[in-house]
Amino acid sequence: MVPTIKKRKLAIALSLAFCSYGVNAADDDKTEKEEDSQFEKITVSSRQSSLIKAMDIKKSTDSVVDGITAQELGHFPDANVADSLSHITGVTIDRTSGGEGQGVNIRGLGPEFSIVTLNNRIMATDQSGREFAFDVLPSEMISEAWVHKSVTASTLEGSIGGAINLKTARPLDNKGKQGSIALEGQYGEKVDDYGYKFSAVGSNTFANDTMGVIFSALMSNTPTRTDSLSDLNYGENWSWDHDNDAGGGVNWQDASNELKIPNVVAYTAQLEDRKRFALSGAFQYRPNNDLEVVVDGLWTRLEAPSQGYTESYYLVGRAQSWHDATYTGTPTALNPQGTIVTSVKMDNLIPELVTITEHRVVDTAQLGINAKFSVSDTFVVTGDLYASQSTRDAGGKDKFVVAHGVGGVPNTATFSLTENGLPNVEFDFSQNAHINSVSDLISNDQFGPHFSQTNGVDIEDTVIGGSLAGELFFDLPVIDSLDMGIVYNKRTKGREKYDNQQARNLYSNGPFTFADTGVNVVESFPIDNFLDGIGGNFPRQFVGFDIDAYQEAMHAADNNPNVINRFTGEMYPEGYSYNDEPVFNPNESFEVEEETISVYLQANLSGERWFANAGLRYVSTDTASNGWLWEIDKVSEASPWVWIVEHKDPEPLSVTKSYSELLPSINIGFDITDELLIRLSYAQVMSRASLDQLSTQVDDGSAAWGEFTLNRVGNPTLSPVTADQADISLEWYFQEGSALTAAVFYKDIKGFVQDWQNVYPNEEDQANRPTYLVENPQPWIETGYIEVPFNVFEPRNLDTAKVLGYEFSYQQFFENGFGITANYTYIDTESIVNGFNEGVLAGVPDTSYSMNLMYNVDKLSLSLSATHTESYITSHWSPLNVVSLDERKYKSTADAMTWMSASATYAYTEKLQVFVQLDNILDDNWHSYLGQKDIPGSYAEWGRKINMGVRYKF
């Protein structure tokens, strides 16, 4: 061991050792009297102990770090790791189905700008990019979670927002035999169903506490339901000659073309069963103070099948019958009444009802070995090897089927907007004595097939890595030690898509009824109180469809004399329905292989009342993007305004790129007093482009509806996003476990990736656009196949941004058992998009804050917490802006949101606890807008959730 270590180094080491030590670990230094006292007084472990441990580590670190630690072995503060992280200053989260936290945003930047590691190793993910989905990782597997906001040279590169490192427990941190078993039940208010969770953890040490093992396991089933506005498509008008001055048509010079009209509106209920299984374990060997070896592993499975029911109204399909419209928005010379249609009536609107199934089964695993050896009193070497893999098996397993009302039911329908609510879709069926509402459409002879989409991707993400690090200690006045190391990581992400893109419109507009086939397809809507958390008049009951029966009905129509296509008057040939089967889609499949090597050198310094580290990290990256060149052969007309894209044989395609970065960093701290600390830091950082943005993917599907465009989803030549960042913070630790802190941070970001950039933007470039044969590109003119130029778009490094933020946090615990933590973050941003100053950075809430009130005494622990995100701009684009006026008046926005939770734990005995937790107490929801409060972009509500359970410790 090192005989002489500076005060700061010693403090860090002691703090880390103390804070990783379990709440229930045996303390060899206790006196017999203390043991007796502890036996007589039962004290429940609380969130307070977790926060105090995290505060001690924060104070002792040599960079800007915030974190959460487990309250005790196998018990993280929240059921979801992302929810726990949301209590950290500067952190907000994105919620997925059921309101569960999935993505983490740090200091205003999204998950794609942060790196998530487990035990300092890259975690594989089932997402198409790099961003980690926290819903695959149960919190019971985690003992600590740390957010690194400033950078040291030894920190793994790849983040601009911040780096998140999750840690699993080590057996020698909890000496002796101990563990716990927990069983809890769950109830979701919106889904009106019950779930369960079983978890267990056990550890033991032996051989005089030089060896230890720890194992944990989890099994859970959580039903969820999300009600949403899944689509409200406003856009340019090419369909409605509102002033009858163009003979029923619309062209770009017409006043009608300036209008922004509602094309589609859709409302969805999604049911999901989230089943989780997880195993983790570690073996630790520490025979003396010179050697330590840890072997650890983690495996999780997430099974999250979902079924959705949607009512969709294709308003623009009835545009020829529109009348009695009202308007708002920008008055123009052609449209003095305004350009936004706010309400309109139409005749014979057809309900298009949809049933959706999604198949998500994700296996994630990591296995690693770490060894630390003191070569001498002044030199320590650490080596690490690991592998991580995540797979998702969903290729061709997701279904989206639409059934069309056959023959039509005479009606008059009115679309209108509701301030702060959802759009109204109201029907008048008075012309039909048997139908009063959409909920009366319930039989197989009223519906037929319209659109059948099969989709889904298989994803395999594999990471292998290793590192060798050394720390050389000095007994010198200023230099404490030198850290040096080399890190290697190789990541391979493959994505294979299977779909039926070539055959989704085999049965457009309900050419026959399900009753004609003799197959029972229609089923009742299994939902009560649909979208009851918001205003709006639209049908709240409608039917769904048995997807297997839907497929069976299509097969039954083949060569069936009882099933005649009502548009052609002909039978379907034998095998016609099997064209609907999914096939491999080369265009939207890829493999990206990324190999990185980084070396670093970092000096750790200290003086009488100061400490610092300064270093350089050199990073070399090689990427190979492999995919397919699947060129269009021709685009054939299936029916007016519907085309089929036909391709040539796919050819392998590979693009390589190499780049390197030199990243300096420095962190300095001054102990102004024993309680008052000031920190300063500066670093150059980088964030690599998302893996799907580096792919060779091309989407040409829009040609099927007459938009002749190639969208290159990826661009293998993209460079990393880089930034200069600086922090200054003041931390006052005015009593044990309590602190008041403030920080200012700044980021100057360059090279933001902007999607949908025109490859041929100038008139002289457009002659170079690729051309393909298209049959009757203008359906009203019979031209046959002619060469049509396609616009081409791709992502590019274009944009810049500046982020200036302020953080404040407060934590204090009182002798009477009460405690409080609170934090506040304000972020001021500026973004430059395509050379234009758009103002604030889109997707960044400028204000967020949280508060946690606690009470802990003897057997009882109580907590009430809330996190709040203010309203913000989600996009500077809005479909309401008039393009011809170069209008930028309207921005897409999101409402403020507050997530409140409460929990209580009571210890019946020293070993037995009961607990309860209530989430989303305020029944808050997600609500975004396309530019004004009566035109929502999306909406989702999840309801409240309660968990109750027991935990037994041994």
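Computed from a predicted structure; not experimentally measured.

**Some words on the overall build of the chain**
Assigned secondary structure in the chain consists of 6 helices and 50 strands. Scaling as 2.2 N^0.38, a compact globule of 954 residues should have a C-alpha radius of gyration of about 30 Å, and the chain matches this with 30 Å. For the chain, the C-alpha atoms occupy an extent of roughly 90 × 65 × 55 Å along the three principal directions. Among the 954 residues that make up the chain, the fraction classed as buried is 54%. Taking contacts inside the chain between residues at least 6 apart in sequence as the whole, the part at least 24 apart equals 72%. A total of about 39,500 Å² of accessible surface is found on the chain, and carbon and sulfur atoms cover 54% of it.

**Focus: helix α6 (residues 547-557)**
What α6 keeps buried is the set I547, A549, Y550, Q551, A553, M554 and A557. Turning to α6, the residues buried within the fold contact β16 (351-358), β19 (398-405), β22 (447-455), α5 (514-517) and β26 (544-545). N559 sits one or two positions beyond α6 and adopts a positive phi of about 50°.

**Observations concerning the environment of D126**
Mapped onto the fold, D126 is located in the loop between β5 (121-122) and β6 (144-148). Assessed through its relative accessible area of 1%, D126 is described here as buried.

**Considerations on a negative patch on the surface**
A cluster of acidic residues, D192, D193, D273 and D528, forms a negative patch at the surface. Tracing the backbone shows D273 in strand β11 (residues 260-288).

**Remarks on the pattern of salt bridges**
Throughout the structure, instances matching the rule amount to 44 salt bridges. We note a salt bridge from D83 to R95, for which the minimum N-O separation is 2.9 Å. Note that D83 is positioned in helix α4 (residues 81-85) and R95 in strand β2 (residues 91-95), a separation of 12 residues in sequence. By relative accessible area, R95 is classed as buried at 19%. Put simply, D227 and R225 hold a salt bridge, and the shortest N to O gap is 2.6 Å. Accessibility classification places D227 together with R225 in one group, the buried group. It is possible to trace a salt-bridge network through shared partners that takes in E100, D126, D135, E272, R274, R276, R360 and R392.

**Describing the sheet that holds β5**
One open sheet holds the 5 strands; their spatial order is β1-β6-β7-β4-β5, and the pairing between them is mixed. Edge positions in the open sheet fall to β1 (65-69) and β5, since each of these has one partner strand only. Note that strand β4 (residues 114-118) and β5 share 2 bridges and pair antiparallel. Bridge pairing links T117 to I122 in β5.

**Some remarks on the pairing of strand β42 (residues 847-857)**
Here strand β40 (residues 818-833) pairs with β42 via 9 bridges, running antiparallel. Residue F818 lies in a different strand from β42, and its bridge partner there is Y855. Pairing geometry for β42 and strand β43 (residues 860-869), over 10 bridges, is antiparallel. Bridge pairing links L853 to L864 in β43.

**Considerations on the sheet that holds strand β37 (residues 771-775)**
Pairing between sheet strands relies on hydrogen bonds along the backbone, with the strands arranged either parallel or antiparallel. One open sheet holds the 4 strands; their spatial order is β30-β29-β37-β38, and the pairing between them is mixed. The sheet terminates laterally at β30 (642-647) and β38 (785-789), the two strands that pair on one side only. Looking at each pair of strands side by side, their axes are set apart by 30° on average, direction ignored. Across 2 bridges, strand β29 (residues 632-639) lies against β37 in parallel orientation. Paired with K634 across the two strands is L773, which belongs to β37.

**Describing the environment of P761**
Along the chain, the position of P761 falls in the loop between β36 (738-758) and β37. Of the residues examined, P761 reaches a relative accessible area of 47% and is grouped as partly exposed. Expressed as a C-alpha distance, the spacing of P761 and F793, which sit 32 residues apart in the sequence, is 9.5 Å.

**Some remarks on a nonpolar patch on the surface**
On the surface, I181, L183, Y196, F198, M219, Y906, Y908, L912, V950, Y952 and F954 cluster together into a nonpolar patch covering about 980 Å² of accessible area. Relative to the elements of secondary structure, I181 occurs in strand β8 (residues 178-188).

**Describing helix α3 (residues 47-60)**
Spanning 14 residues, α3 covers 21 Å between terminal C-alpha atoms, matching the ideal 20 Å at 1.5 Å per step. With respect to burial, α3 is a largely interior element, 10 of its 14 residues being buried. Along α3, the residues classified as buried are R47, Q48, S50, L51, K53, A54, M55, I57, K58 and S60.

**A look at the side chain of S84**
Tracing the sequence through the fold places S84 in helix α4. With residues up to four places along the chain from it excluded, the contact list for S84 reads I68, F76, P77 and D78.

**Looking at the environment of S831**
Mapping S831 onto the fold places it in strand β40. You can call S831 buried: its relative accessible area is 3%. Here V840 takes part through its backbone oxygen, which lies 3.2 Å from a polar atom of the side chain of S831.

**With respect to unusual backbone geometry**
A positive phi angle is found at D192, which is not glycine, with a value near 55°. Mapped onto the fold, D192 is located in the loop between β8 and β9 (193-206). Note on D192: relative accessible area 54%, which makes it exposed.

Calculation notes
- Residues numbered from 1 in each chain as written.
- Predicted model: local features only at pLDDT ≥ 70, side-chain atom pairs only at ≥ 80, totals over all residues.
- Heavy atoms only, no water.
- Helix = DSSP H or I, 4+ residues; strand = E, 2+ residues; numbered from the N terminus.
- Rg over C-alpha atoms; globule rule 2.2 N^0.38 Å.
- Buried < 20%, exposed > 50% of the residue type's maximum accessible area, 1.4 Å probe, protein only.
- Contact = heavy atoms within 4.5 Å.
- Areas by Shrake-Rupley, 256 points an atom, 1.4 Å probe, with all protein chains shown as cover.
- Patch = residues over 30% accessible without salt bridge, like charges linked within 9 Å, V, L, I, M, F, W, Y side chains within 5 Å.
- Salt bridge = Lys/Arg side-chain N within 4 Å of Asp/Glu carboxyl O.
- Lys, Arg positive; Asp, Glu negative; His and termini not counted.
- Charge placed at Lys NZ, Arg CZ, Asp CG, Glu CD.
- Pairing = 2+ DSSP bridges.
- Axes fitted to C-alpha atoms, helices over the stretch in contact; angles between N-to-C directions.
- Expected span 1.5 Å × (residues − 1).
- Polar contact = N/O pair within 3.5 Å; in protein donor to acceptor, adjacent residues only side chain to side chain.

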